[in-house]
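Overview (structure and organization)
Listed here are the chains, written in short residue letters.
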Amino acid sequence: MNNKTLVKISNIIGIASILLLVYWVFIFISITVFGLKVFRENLTESFYLSIVGILALMFGALIINIMFNLTRIAENHNQNNNQESKQASKKLGVLFILSFPVIFVLLFGGDYLSSQKKEKMLINSAKSIIDENTEKSNQIVAYSFDKKWVKNTADILKIYSKTDINFPDVSVIVADTLDNSKVFLGFNTFFHENDTIALDKKDYIEELSKEERDYLSKIFYKNSDEIRFNANDGKYQLFYPYSKNGKKIVLYFTDYQRYGKIGS
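Please read these numbers as outputs of a predicted model, since none were measured by experiment.

**Thoughts on the overall build of the protein chain**
- Scanning the protein chain from terminus to terminus reveals 6 helices and 5 strands.
- Shown N-terminal to C-terminal, the secondary structure of the protein chain runs as helices and strands in the order α-α-α-α-α-β-β-α-β-β-β.
- Each of the 264 residues in the protein chain was classed as buried or not, and the buried ones make up 34%.
- Of all intrachain contacts in the protein chain linking residues separated by at least 6 positions in sequence, the fraction that spans at least 24 positions is 65%.
- Working note: accessible area of the protein chain is about 16,900 Å², and carbon and sulfur atoms make up 57% of it.

Printed below as a string of structure tokens:
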């Protein structure tokens, strides 16, 4: 194998290594900064990726060093047309620059597909849980602010959360009044029974954003049955209304994952 062939091989290896490194860093920065959930497996902590990045940079520097040294050895063998080489380099440079927005769009597309798949899965799971536990769901919808209902609801929610692995956290939101003001109360799987302490509605007021309060107002006071799904940086929220005999509740399911899932 002559020097010219060695230079060609080292150039291919060096350029491929550098491009892979640059693309990987770009993808990692995009995913980290924008909280995109694209890949099935977790990308692990940035600390470990930083080590991998440093090692990759060292390897890339070594490849470049070898490439230039071999180039010097093979200088007398390179008689290519410089003008054609420059034109080819410009074309490759343009393609290289254009590849970054394409990758960026693909990452956002993967994140969108992950969210869409998660939304469909959560809605189907919520519907299945309610359909398979109609009697328990009807007990929850018969809301009354007393210890019996709160305790029974906590027990039922524990069953819900263990029924489907898609819902590690599930709670119930109801509409009520406190000091003549409309409030939304939230109840979860935690209930510590104490006969000496009276229930206080202030302890159960659900902390919500303005958008969430507006949504719940439509559900409870404007007879809407809209299902609300929200995905933000790996946290998925599903508000699922359920009504029976003129009474209505909203089952609030949440899930968190550190990676995307656009595969099967």
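More follows now that the structure is in view.
**Things to note about a nonpolar patch on the surface**
- There is a patch of nonpolar side chains on the surface, built from W24, V25, I29, V33, F34 and F108 and spanning about 530 Å² of accessible area.
- In terms of residue count, the dominant contributor to the nonpolar patch is helix α1 (residues 3–34) (5 residues).
- The residue I29 is located in helix α1 in this model.
- By relative accessible area, I29 is classed as partly exposed at 44%.

**Topic: the confidence of the model for the protein chain**
- Across the protein chain, pLDDT averages 75, with 66% of residues at or above 70.
- Counted against residues more than four places away or in other chains, residues 77–81, with its pLDDT under 50, gives 4 contacts.
- When the criterion is pLDDT under 50, residues 260–264 qualifies, and its contacts beyond four places in sequence or with other chains add up to 18 contacts.

**With respect to the sheet that holds strand β3 (residues 228–232)**
- The strand order across the open sheet formed by 5 strands is β2-β1-β5-β4-β3, and the pairing between neighbours is antiparallel. Both outer strands of the open sheet, β2 (181–187) and β3, are each paired with one neighbouring strand and no more. On average, each strand axis in the sheet is inclined to that of its neighbour by 25 degrees, with strand direction left out of account.
- Judged from the 7 bridges that link them, strand β1 (residues 169–178) and β2 form a sheet pairing that is antiparallel.

**Let's talk about the packing of helix α4 (residues 134–141) against helix α5 (residues 147–163)**
- It is the contact of α4 with α5, at a shortest axis distance of 10 Å, that shows an interaxial angle of 145 degrees. At the point where α4 passes α5, the crossing takes the left-handed sense. Mapping the contact onto sequence places K136, S137, Q139 and I140 in α4 and W149, N152, T153, I156, L157, I159 and Y160 in α5.

**Side note on α5**
- Along its 17 residues, α5 runs 24 Å from first to last C-alpha, staying within 8% of the 24 Å computed at 1.5 Å per residue.
- Within the span of α5, buried status applies to W149, V150, T153, A154, I156, L157 and Y160.
- One side-chain oxygen at the N-terminal end of α5 lies 3.2 Å from the backbone nitrogen of K148; it belongs to D146.

**Some points on the environment of A142**
- Of note, A142 is situated in the loop between α4 and α5.
- In this view, A142 contacts W149 and K247; residues no more than four positions away in its chain are not counted.

**What about the side chain of S125?**
- In this structure, S125 sits in helix α3 (residues 82–132).
- We classify S125 as buried; its relative accessible area is 8%.
- A polar contact of 2.9 Å, which involves the side chain of S125, links it to the backbone oxygen of M121.

Definitions and limits used
- Residues numbered from 1 in each chain as written.
- Predicted model: local features only at pLDDT ≥ 70, side-chain atom pairs only at ≥ 80, totals over all residues.
- Heavy atoms only, no water.
- Helix = DSSP H or I, 4+ residues; strand = E, 2+ residues; numbered from the N terminus.
- Buried < 20%, exposed > 50% of the residue type's maximum accessible area, 1.4 Å probe, protein only.
- Contact = heavy atoms within 4.5 Å.
- Areas by Shrake-Rupley, 256 points an atom, 1.4 Å probe, with all protein chains shown as cover.
- Patch = residues over 30% accessible without salt bridge, like charges linked within 9 Å, V, L, I, M, F, W, Y side chains within 5 Å.
- Salt bridge = Lys/Arg side-chain N within 4 Å of Asp/Glu carboxyl O.
- pLDDT = per-residue confidence, 0-100.
- Pairing = 2+ DSSP bridges.
- Axes fitted to C-alpha atoms, helices over the stretch in contact; angles between N-to-C directions.
- Left-handed = near helix turned anticlockwise from the far one by under 90°.
- Expected span 1.5 Å × (residues − 1).
- Polar contact = N/O pair within 3.5 Å; in protein donor to acceptor, adjacent residues only side chain to side chain.

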